[in-house]
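Residues per chain are reported as follows:
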Amino acid sequence: MSLSLVSNAHLDESSAKIRSKPVPWEGYQRAELVTSEELALIKKVDRQSRAKVESIHLSDGQTYALLYLRLLKKLQRVDTMQCLLVLIADALLDHDERIPLFARTVQSDPDLPYAPLIRTLEAQDDFVQLKSAQILTVLLSSESTPLQHQHLQPFLKVLSSLVQSQSQNKRDVAVQCLESLLARPECRRAVWAIPGILAGFVEILLHKPGPQMSYQVIFCIWLLSFEQDVAEQINKKYDIIPLLIAVAQAAVKEKVIRVIIATFSNLITKAPSENLPAMLVAQLLPFSKNLSTRKWSDEDILEDVQYVRDELERNFESLTTYDEYMSELASGHLSWTPVHESDAFWRENASRLNDRDYEQLKTLIGLLGSDDPVVLAVAVHDLGQYVKHYERGKKIITDLGAKAHAMELMTHPDPDVRYHALLSVQELVSHPWSAV
């Protein structure tokens with residue numbers, strides 16, 4: 001993997017300044033932190049022209065790979081770590097064939113190459129932290145065997161922090177590192193076990209980043225969707241389907257839509273029962289029909305769009321009205337679809353909310369805590385319909401604590417919520433108690 005795959009203008013600008021800064025190498029030798037041999041070697045490349053350093057790396061690359069990592073292991077001053085990280089990155093830039101030189105340093109010291117780089121991830125200096133992340137990504141992505149837990153876990157924890165950072169540079173580098181690492185199955189499983197990373201992805205997308213960052217984040221989600229556990233649970237945990245649809249609808253770049261549709265294709269292929277109902281509720285079917293009429297420069301998009309559309313149509317045709325309602329309820333995205341205001345629907349189905357120890361009813365009651373006024377209005381309306389059409393509904397609603405919630409919503413700031421809460425409370429108050 002090329003170092004240039006994790007690129008950042010801030011890192012490039014800082015690296016240029018660091019190359020010309022002096023480091024007190026002689027002082028380190030006097031303090032017996034650096035040997036005379038190490039001093040002689042480092043002075044040959046310190047603040048030298050790119051061409052001269054290149055020729056030295058060309059003739060003595062293994063020696064210098066070992067030197068840089070040994071010095072990084074024992075020297076902890078920020079300016080020195082910055083210099084060593086730039087030297088390592090310069091050695092690797094456009095020279096993938098040198099990656100094995102750094103990997104082979106383990107033969108001289110079992111802590112190398114990873115321990116010094118993992119330690120520098122914890123530095124308080126942003127450049128040191130991000131440059132270490134860049135180099136670690138190159139080395140780890142190039143490993144021919146599964147990555148060891150002690151190397152991967154601390155790195156992913158730092159990436160989790162970076163991807164949730166307020167700093168644009170930190171988010172940018174972290175997302176690019178994850179793009180590269182998630183090509184590996186063991187990295188996908190490890191990332192899925194760290195909720196902060198997915199939460200960070202969602203937060204980035206909610207803030208409507210530019211097309212490139214949107215693409216990179218969704219590319220990470222697409223890679224994750226190849227894992228069965230992820231495909232089954234990602235929408236339930238992170239509400240990712242409506243978010244990706246919203247990003248696709250607003251996207252101006254074809255590649256953003258392409259990676260979103262490819263993600264949906266994976267979710268349907270790997271976990272149809274978990275994802276198709278949520279996709280229907282989020283109105284992916286009409287959107288996919290619209291996409292299938294567009295002209296695309298990439299034919300793969302059309303193939304994925306047609307697959308998603310066909311699977312949604314097949315699922316839609318087999319849905320009963322109650323299936324639709326349950327899908328909407330499970331998604332948490334209630335809206336004024338026709339079933340909510342249909343007396344015939346409630347007469348036929350109100351009692352079905354009691355199935356499996358009131359599972360669906362409890363889900364409905366849980367939505368009374370939503371921040372979305374539309375969801376609140378529909379949910380409190382549905383509770384009123386349940387009480388109106390199920391003779392023991394009033395007692396059950398009261399026993400489950402929903403009556404108090406409905407009454408609180410009568411003072412909600414949103415007028416629509418207040419109106420439907422009032423109607424539901426009237427049903428709760430006026431409906432006669434039935435014998436138990």
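See the structure shown above.
Predicted, not measured: the structure shown is a model, and the values here were computed from it. For every chain, the first residue of the written sequence is number 1, and numbering continues from 1 onward in sequence order. At least 70 in pLDDT is required for a residue's local features to be given in this predicted model, at least 80 for side-chain atom pairs to be given and counted, and no such filter applies to totals for whole chains, interfaces and linings, which use all residues. With hydrogens and water stripped out, all remaining heavy atoms of the structure feed into the side-chain values.

Visitor: I'd like to hear about the overall build of the protein, residue by residue, with values.
Guide: For helices the rule is a DSSP run of H or I covering at least 4 residues; for strands it is a run of E covering at least 2, with both sets numbered from the N terminus onward. Counting secondary structure elements, the protein contains 26 helices and 0 strands. Radius of gyration here uses only the C-alpha atoms, and the compact-globule reference equals 2.2 Å multiplied by the residue count raised to the power 0.38. Expected size for 436 residues packed as a compact globule is a radius of gyration near 22 Å; at 29 Å, the protein overshoots this value by more than 25%. By its C-alpha atoms, the protein is 95 × 45 × 35 Å across when sized along the principal axes. Residue exposure (1.4 Å probe, protein chains only): buried if accessible area is under 20% of the type maximum, exposed if over 50%, otherwise partly exposed. Within the span of the protein, comprising 436 residues, buried residues form 51% of the whole. In this charge count, Lys and Arg are treated as positive and Asp and Glu as negative; neither His nor the chain ends contribute. Charge positions come from single atoms, namely NZ of Lys, CZ of Arg, CG of Asp or CD of Glu. When the 45 basic and 57 acidic side-chain charges of the protein are each reduced to a single mean position, those positions are 5 Å apart.

Visitor: Please provide a residue-by-residue account of the nonpolar core, values included.
Guide: Within the largest apolar cluster, 119 residues are counted, with the highest numbers of intra-cluster contacts made by Trp 25, Ile 42, Tyr 68, Phe 201 and Phe 264. Here Ile 42 is in contact with Trp 25, Leu 67, Tyr 68, Leu 71, Leu 84 and Leu 87, once residues within four sequence places are set aside. As used here, the term nonpolar core means buried Ala, Val, Leu, Ile, Met, Phe, Trp, Tyr and Cys residues forming a set that is joined through side-chain atoms within 4.5 Å. Residues Val 339, Trp 346, Leu 376 and Ala 377 belong to the second largest nonpolar core, which totals 33 residues. Note on definitions: a residue-residue contact is assigned when non-hydrogen atoms from the two residues lie within 4.5 Å.

Visitor: Outline the packing of helix H20 (residues 321-331) against helix H22 (residues 355-366), listing residues and values.
Guide: Note on geometry: axes are lines fitted to C-alpha atoms, helical ones only across the stretch in contact, with angles between N-to-C directions running from 0 to 180 degrees. It is at 9 Å that the axes of H20 and H22 come closest, and there the two elements cross at 60°. Where H20 crosses over H22, the handedness of that crossing is left-handed. Residue-level inspection shows Tyr 322, Tyr 325, Met 326 and Leu 329 of H20 in contact with H22, the latter providing Arg 356, Gln 360, Thr 363 and Leu 364. Two helices crossing with the near one rotated counterclockwise from the far one by less than a right angle form a left-handed crossing, whereas a clockwise rotation gives a right-handed crossing.

Visitor: Describe the packing of helix H16 (residues 254-270) against helix H19 (residues 299-318), and please don't skip the residues or the numbers.
Guide: At a minimum axis separation of 9 Å, H16 and H19 run at an interaxial angle of 40°. Taken together, the axes of H16 and H19 lie oblique to each other. As H16 packs across H19, the resulting crossing turns out to be left-handed. Contacts between H16 and H19 involve Glu 254, Arg 258, Ile 261, Ala 262, Phe 264, Ser 265, Ile 268 and Thr 269 from the former and Ile 301, Asp 304, Val 305, Tyr 307, Val 308 and Glu 311 from the latter. For this classification, under 35 degrees means roughly parallel, over 145 means roughly antiparallel, 65 to 115 means roughly perpendicular, and everything else is oblique.

Visitor: Mind laying out a nonpolar patch on the surface, listing which residues take part and the relevant values?
Guide: The grouping of Met 407, Met 410 and Leu 422 at the surface amounts to a nonpolar patch, some 240 Å² of accessible area in total. Mapped onto the secondary structure, Met 407 falls in helix H25 (residues 402-408). Patches here are clusters of residues that have more than 30% relative accessible area and form no salt bridge, with a 9 Å joining cutoff for like charges and a 5 Å cutoff for nonpolar side chains (Val, Leu, Ile, Met, Phe, Trp, Tyr). Each accessible area is a Shrake-Rupley result for a 1.4 Å probe, and residues are judged covered by the shown protein chains and nothing else. Salt bridge criterion: a side-chain nitrogen from Lys or Arg within 4 Å of a carboxyl oxygen from Asp or Glu.

Visitor: Report on the side chain of Arg 184, specifying residues and quantitative values.
Guide: Structurally, Arg 184 is set in the loop between helix H10 (168-181) and helix H11 (185-192). On the accessibility criterion, Arg 184 (12% relative accessible area) is buried. In terms of polar contacts, Arg 184 uses its side chain to reach the side chain of Glu 186, at 2.8 Å. Beyond its immediate stretch of four places on either side in the chain, Arg 184 contacts Leu 140, Ser 141, Glu 143, Thr 145, Pro 146 and Leu 147. Each polar contact in these results corresponds to two N or O atoms within 3.5 Å; when the atoms are within protein, one needs to be able to donate a hydrogen and the other to accept it, and residues that are neighboring in sequence are counted only if both atoms are side-chain atoms.

Visitor: I'd like a description of the environment of Asp 90, backed by residues and values.
Guide: Assignment of secondary structure puts Asp 90 in helix H5 (residues 78-92). On the basis of relative accessibility, which here comes to 11%, the residue Asp 90 falls in the buried class. Taking C-alpha positions, Asp 90 is 11 Å from Asp 12, a pair spaced 78 residues apart along the chain. Excluding residues that lie within four positions of it along the chain, Asp 90 makes contacts with Arg 19, Arg 50 and Glu 54.

Visitor: Give a detailed account of the pattern of salt bridges, specifying residues and quantitative values.
Guide: Side chains carrying opposite charge are able to pair once their charged atoms draw close together. Taken as a whole and judged by the stated rule, the model has 19 salt bridges. A salt bridge links Arg 314 to Glu 311, with the shortest nitrogen-to-oxygen separation between them at 2.5 Å. Taken together, the positions of Arg 314 and Glu 311, both in helix H19 and 3 residues apart, correspond to about one turn of that helix.

Visitor: Run through the packing of aromatic side chains, naming residues and quoting values.
Guide: Pairing of aromatic side chains requires ring centres within 6.5 Å, counting the rings of Phe and Tyr and the six-membered ring of Trp. Pairs whose planes differ by under 30 degrees are stacked, by over 60 edge-to-face, and all others tilted. Summed over all chains, the structure comprises 12 aromatic pairs. Arranged with centres 5.4 Å apart and planes meeting at 55°, the rings of Tyr 325 and Phe 345 form a pair that is tilted. Of this pair, Tyr 325 sits in helix H20 while Phe 345 sits in helix H21 (residues 343-349), and the two are 20 residues apart along the sequence. According to the relative accessible area criterion, Phe 345 is buried, its value standing at 5%. The rings of Tyr 215, Phe 219, Trp 222 and Phe 226 are connected pair by pair, giving a single aromatic cluster.

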